[in-house]
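# Descriptive analysis of the structure
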Amino acid sequence: MPSNLSERAIKAKRQDKTATVIISVIVGFIILLLAAIIIYILAKGIGKAVDPSFLTSNPQQFKEGGGIGPELFNSFYLLVITLIISFPLSLGAAIFLAEYAPANAVTSGIKTAIEVLSSLPSIVVGLFAFLLFVIQMGWGFSIASGALALTVFNIPLLVRTIQQALESVPAHQRDAGLAMGLTRWETTIHIILPTAMPAIVTGLILSAGRVFGEAAALIYSAGQSAPALDFTNFDLSSASCPWNIWRPAETLAVHIWKINSEGVVPDLEAVSDGTAAVLIICVLAFNLLARFLGKRLGKKLTAE
Amino acid sequence: MMNFGSKASKLEVVGDKVADLNVTVDGTIMRTKDVGVRYNETYKALRDVSLNFDRGQVTALIGPSGCGKSTYLRCLNLMNREIPHCHIDGEIYFHGKQINFKDVNVYDLRTQVGMVFQTPNPFRKSIYDNIAFGLKKHGIKDKAYIDETVERSLKQAALWDEVKDKLKKSAYALSGGQRQRLCIARTLSLNPEIVLMDEPCSALDPIATRAIERTILSIASRGIAVIIVTHNIEQARRVSDKTAYFYLGEMVETGDTSKIFTNPDDQRTADYLDGRFG
Ligand SMILES: Nc1ncnc2c1ncn2[C@@H]1O[C@H](COP(=O)(O)OP(=O)(O)OP(=O)(O)O)[C@@H](O)[C@H]1O
Ligand SMILES: [Mg+2]
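Residues numbered from 1 in each chain as written. Chains lettered and ligands numbered in written order. Predicted model: local features only at pLDDT ≥ 70, side-chain atom pairs only at ≥ 80, totals over all residues. Heavy atoms only, no water.

## Describing the layout of surface pockets
Here is the rule we go by: The distinction between a cavity and a pocket rests on a 1 Å grid over the protein atoms alone: a 1.4 Å probe fits inside a cavity but cannot get out, while a pocket stays open yet meets protein on both sides within 12 Å along at least five of seven lines, and a residue with an atom within 4 Å of a point counts as lining. Grid points are joined across faces, edges and corners, and a volume is the space filled by probe spheres set on the points. The secondary structure listing takes helices from DSSP runs of H or I that are at least 4 residues long and strands from runs of E that are at least 2 residues long, numbered from the N terminus. Residues are sorted three ways: Asp, Glu, Lys and Arg are charged, Ala, Val, Leu, Ile, Met, Phe, Trp, Tyr, Cys and Pro are nonpolar, and all the rest, Gly among them, are polar.
Roughly 670 Å³ of volume is contained in the largest pocket. Looking at the largest pocket, it is lined by 25 residues, and the ones nearest its centre are A:Arg174, A:Arg184, B:Glu82, B:Ile83 and B:Pro84. When contributions to the lining of the largest pocket are tallied by element, the ones reaching two or more residues are helix 3 (69–100) and helix 7 (171–179) of chain A together with helix 3 (69–76) of chain B. Sorting elements by how many residues they give to the lining of the largest pocket places helix 7 of chain A first, with four residues. For the lining of the largest pocket, the class distribution of residues is twelve nonpolar, three polar and ten charged. Volume-wise, the second largest pocket comes out at about 360 Å³. Contributing to the lining of the second largest pocket are 21 residues, with A:Pro59, A:Gln60, A:Gln61, A:His255 and A:Lys258 lying nearest its centre. With four residues, the top contributor of residues to the lining of the second largest pocket is helix 10 (residues 252–262) of chain A. Grouping the constituent residues of the lining of the second largest pocket by class yields seven nonpolar, nine polar and five charged.

Rendered as structure tokens:
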């Protein structure tokens, strides 16, 4: 029945058009919203964010003109330590899950545990870290406690992205390696991993962005105070030594929370806005870096 | 434990070995006796297949989809062991030694029994590294030897002239047919005595297919046993000396290709070749 068919076709076409319009509107709205937030934050804080003395000087308790020098350093230092701990662990776990784990109850138990862990609210992770590391282990509010809290927060997400990256490598690559007489380990390390590496690096850097902006998990672990840092001090037991992992270390995100909830400095709004702008610039930079490095690495490893 | 000799020492005698094989072109190199395969313990995908493979001969495995050709092929280099819950029963003899036992050195076996897959699957590396990589992993460090082998393998796979100026380019910049020949070259670089091919031309156009077929014949002329699964009856006729017809997990009939194609003993073979099913 040709007439019927064409009617159907017209209807399908109309539906297609309507759906396209609706989806475009929704997407447009979301993009607009995100852009508006970012522009608002940047517009309000950019003046401070590009001011070198704001970026390097110490915060003030009572008078105006405080900076975010230690917070900025703490954020990066905590991030680096967190990644140093969580990346190898996650990589190992993901390789195990993707390449070795037999399909049995234990494996699916582990996978479920990771899922649950990754949906844990970060404040819960923070309180867990508070009880275990700060109180039980007696480490106090410290970079060590904070880094481990962030590790707990980061590992499930990282394991998942790495595992997905490994699993997205076509099975025929694995077969190719094994059929050449390579062991499973050689195949994983030399064939699967390089192929998945761009996606892994992208995942790693994106997770770095999340860790960098995390506040709730740190409030009760790395603490809310930022002792002034002296970069000439290499005494690892001194509170002003930047590298000392037993000192409290307020980060940018925690700083924003802190001054907004209990700050008393007269210029707290300007400080808060400036800090937020710095934070968002860093996270944007992570994202751009992720894309760039992912592509570069992909080209390098695959000769493409 | 079975040992086929150290990988490196085996690979170092390349030149002579090919010559050796040319002298002894006949003789069984691999043999299976009552080989069966079970997936998930219960499902028997293959039953009691006994076949002989001779040096320098091309054997075609044909049969309708799902009859177990690939499953059988993957027994010959024990690749089925990489599939969880897949069990190989029966006996497989390579150089007269039974290899279907638990602790056999599959890694050595697979350097001697190479495999080419249906989808061309070069590594995501340069053309050169696709071949050099396997050699390096098997302990060969001599750069001159590696260069030489890259060239020799690519020539044997009839790819050298097309790629000699872009060896450092990605393998994925090649066409499908070229990629498949690269995979063949990669397999040949390890000097296998047997090459298994699972529908190597199914993704290729007729011209690329012919190129691969010429390669198959020239590999076989060097004394290598080639075992090829194909859905293309004409291809089986063109390249193979022997043909084995598989049906529903059984090997129904085997013999000289000319015989099978003109005067099969089994009615099921005749029906398949007449295109009545499959
Ligand atoms: N990994 C697997 N797990 C379970 N069953 C499998 C697996 N691989 C193959 N089988 C089953 O074994 C039987 C034989 O499959 P096989 O792939 O060997 O057939 P084939 O002859 O190569 O078919 P085709 O011509 O379509 O490639 C099929 O019934 C298939 O469903
Ligand atoms: Mg098959």
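That covers the picture; the talk isn't over yet.
## Some points on the packing of helix 6 (residues 143–156) of chain B against helix 8 (residues 176–188) of chain B
Residue and element names in this part refer to chain B. Rules: Simply put, an axis is a line fit to the C-alpha atoms, just over the touching stretch for a helix, and the angle between two N-to-C directions goes from 0 to 180 degrees. Orientation categories follow fixed angle ranges, with anything under 35 degrees roughly parallel, anything over 145 roughly antiparallel, 65 to 115 roughly perpendicular, and all other angles oblique. Crossings are assigned a handedness: left-handed for a near helix turned anticlockwise from the far helix by less than a right angle, right-handed for a clockwise turn. It only takes one pair of heavy atoms within 4.5 Å for two residues to be counted as in contact.
At a minimum axis distance of 8 Å, the contact between helix 6 and helix 8 shows a crossing angle of 130°. As summarised for this structure, helix 6 and helix 8 are arranged oblique, according to the angle between their axes. Two packed elements cross with a definite hand, and for helix 6 against helix 8 that hand is right-handed. Where helix 6 abuts helix 8, its residues Arg152, Ser153, Leu154 and Gln156 lie against Leu182, Ala185 and Leu188. Grouping the constituent residues of the contact of helix 6 with helix 8 by class yields four nonpolar, two polar and one charged.

## Quick look at the interface of chain A and chain B
Let me state the cut-off plainly: Take the accessible area each of two parts loses on contact, using a 1.4 Å probe, and add the two losses: that sum is the buried area. Take a side-chain nitrogen of Lys or Arg and a carboxyl oxygen of Asp or Glu: if they are within 4 Å of each other, that pair is a salt bridge. Pairing of N or O atoms within 3.5 Å defines a polar contact, subject to two protein rules: one partner must be a possible hydrogen donor and the other a possible acceptor, and residues neighboring in sequence count only if both atoms are side-chain atoms.
Between chain A and chain B, the contact holds 20 residues from the first and 25 residues from the second. Each partner contributes to the roughly 2000 Å² buried at the junction of chain A and chain B, and carbon and sulfur atoms together form 61% of this total. Our count for the contact surface shared by chain A and chain B stands at one salt bridge. The partner of A:Arg184 in a salt bridge is B:Glu82, with the nearest N and O atoms 3.1 Å apart. Between chain A and chain B we count six residue pairs in polar contact (both at pLDDT 80 or more) in total. Within the residue set of the side of chain A that touches chain B, elements represented by two or more residues are helix 7, helix 8 (184–212) and helix 11 (268–302) of chain A.

## A word on the state of the cysteines
All names here are of chain B. What counts, and what does not: In plain terms, two cysteine sulfur atoms within 2.5 Å form what is called a disulfide here. Three labels apply to residues, based on accessible area from a 1.4 Å probe with only protein chains included: buried if under 20% of the type maximum, exposed if over 50%, partly exposed otherwise in between.
Using the criterion set out here, one finds zero disulfides over all chains in the structure. Cysteine Cys75 shares no disulfide, and the gap to the nearest cysteine sulfur, in Cys86, comes to 7.0 Å. Note on Cys75: relative accessible area 0%, which makes it buried.

## Describing the site of ligand 1
Residue and element names in this part refer to chain B. Counted only if it meets this: We call a residue near a molecule or strand as soon as one heavy atom of that residue lies within 4 Å of the molecule or strand. Working definition of accessibility: Shrake-Rupley area with a 1.4 Å probe, residue cover restricted to the visible protein chains.
As a structural note, the neighbourhood of ligand 1 is formed by 13 residues, with Ser65, Lys69, Ser70, Thr71 and His231 the closest of them. Contact distances for ligand 1 include 2.7 Å between an oxygen atom and a side-chain N or O atom of Lys69. Contact between ligand 1 and Glu199: an oxygen atom at 3.3 Å from a side-chain N or O atom of the residue. Coverage of ligand 1 by the protein chains reaches 67% of its 630 Å² of free accessible surface. Mapped by element, the contributors of at least two residues to the shell around ligand 1 are strand 2 (43–54) and helix 3. Ranked by residue count, the leading element in the shell around ligand 1 is helix 3, at three residues. Its residues placed into classes, the shell around ligand 1 shows five nonpolar, six polar and two charged.

## Details of the nonpolar core
Where we set the bar: Here, nonpolar core means buried Ala, Val, Leu, Ile, Met, Phe, Trp, Tyr and Cys residues that are tied together by side-chain atoms lying within 4.5 Å of each other.
A:Leu166, A:Ile200 and A:Val278 are the most contacted members of the largest nonpolar core, which totals 57 residues. Going through the elements one at a time, helix 3, helix 6 (143–167), helix 8, helix 9 (216–219), helix 10 and helix 11 of chain A are the ones with two or more residues in this core. With twelve residues, the single largest contributor to this core is helix 3 of chain A. Residue contacts for A:Val278: discarding those within four places in its chain leaves A:Ala49, A:Phe54, A:Leu55, A:Ile68, A:Leu72 and A:Leu252. If you look at the next biggest cluster of nonpolar residues, it comprises 54 residues, including B:Ile127, B:Leu204, B:Ala220 and B:Ile224.

## Digging into the packing of aromatic side chains
The cut-off we apply is this: Two aromatic rings, drawn from Phe, Tyr or Trp (for Trp, its six-membered ring), form a pair once their centres lie within 6.5 Å of each other, and the interplanar angle then sorts them: stacked below 30 degrees, edge-to-face above 60, tilted otherwise. Definition used: whenever NZ (Lys) or CZ (Arg) falls within 6 Å of the ring centre and also within 35 degrees of the ring normal, the charge is taken to sit over that ring.
All chains considered together, the criterion is met by 17 aromatic pairs over all chains. Residues A:Phe128 and A:Phe133 carry aromatic rings whose centres are separated by 6.3 Å and whose planes lie at 75° to one another, so their mutual orientation is edge-to-face. Overall, the relative accessible area of 42% leaves A:Phe128 in the partly exposed class. Ring centres of B:Phe123 and B:Phe133 lie 5.4 Å apart, and the angle between their planes is 80°; this geometry places the pair in the edge-to-face category. Pair noted here: B:Phe123 is in the loop between strand 6 (113–116) and helix 5 (127–137) and B:Phe133 is in helix 5, with a separation of ten residues, a long-range link. By relative accessible area, B:Phe123 is classed as buried at 1%. Grouped by ring-pair contacts, the aromatic residues A:Phe73, A:Tyr77, A:Phe231 and A:Trp243 constitute a single cluster. Over the aromatic face of B:Tyr172 sits the side chain of B:Arg124, whose NZ or CZ is 4.4 Å from the ring centroid. The ring of B:Phe133 carries B:Lys125 above its face, with NZ or CZ at 4.7 Å from the centroid.

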